[in-house]
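Coordinates in review
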Amino acid sequence: MAADIARLTNEHRRRNGLPPLKFNADMSEVAQSWSGRLAKAGTLSHNPAYSKEIPQGWRVASENVLQNWKQASADQLVKQWINSPGHNANMLNPDITDIGVGYYVGPDGRAWATQNFARY
């Protein structure tokens, strides 16, 4: 799912004349950990420490989070972010170079996803 979210995010960027983002495994670990924490807490919130947890050396960083259901496809999740002006702006920021993605389904069937963005 995480790879599909990254791919669809890059397709969205391409349709908007922007270069693709590099899939960053270290950033994805941070995003995955946060998605799991969201599922356990059952509450949607941003990771207040993501900028300290992603690899050092970034010049621009941002984060998108969402909650949906396990039946939702990667396409539906990315469209959920596209339909939110602030989240869409993060995905279409021309200054970012890397993406990390996390996805976690909790025991209640709710899906939690996180995108971390950075410029290195």
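Residues numbered from 1 in each chain as written. Predicted model: local features only at pLDDT ≥ 70, side-chain atom pairs only at ≥ 80, totals over all residues. Heavy atoms only, no water.

Taken as a whole, this structure holds 4 salt bridges when the rule is applied. Among the salt bridges present, the one from R7 reaches E11, with a minimum N-O distance of 3.0 Å. Of this pair, R7 and E11 both sit in helix α1 (residues 2-15), 4 residues apart, which is roughly one turn of the helix. Linking K79 and D75 is a salt bridge whose minimum nitrogen-to-oxygen distance equals 3.0 Å. Residue K79 and its partner D75 are located together in helix α4 (residues 74-82), separated by 4 residues, close to a single helical turn. (Salt bridge = Lys/Arg side-chain N within 4 Å of Asp/Glu carboxyl O. Helix = DSSP H or I, 4+ residues; strand = E, 2+ residues; numbered from the N terminus.)

Moving on: the sheet that holds strand β2 (residues 60-69). Within the open sheet, the 4 strands sit side by side as β1-β3-β4-β2. Their pairing is mixed. What marks the edges here is a single partner per strand, and that holds for β1 (22-23) and β2. Together, β1, β3 (98-105) and β4 (110-119) form the strand contacts of α1, whose direction differs from that of β3 by roughly 140°. (Pairing = 2+ DSSP bridges. Contact = heavy atoms within 4.5 Å. Axes fitted to C-alpha atoms, helices over the stretch in contact; angles between N-to-C directions.)

A word on the packing of α1 against α4. The geometry of α1 relative to α4 is characterised by a closest axis approach of 9 Å and an angle of 50° between their N-to-C directions. It follows from the interaxial angle that α1 and α4 lie oblique. Like other packed secondary-structure pairs, α1 and α4 cross with a definite hand, here right-handed. Residues D4, I5, L8, T9, H12 and R15 of α1 form the contact with α4, whose participating residues are A74, D75, L77, V78, W81 and I82. When its residues are assigned to classes, the contact of α1 with α4 shows 7 nonpolar, 2 polar and 3 charged. (Parallel < 35°, antiparallel > 145°, perpendicular 65-115°, else oblique. Left-handed = near helix turned anticlockwise from the far one by under 90°. Nonpolar A, V, L, I, M, F, W, Y, C, P; charged D, E, K, R; others polar.)

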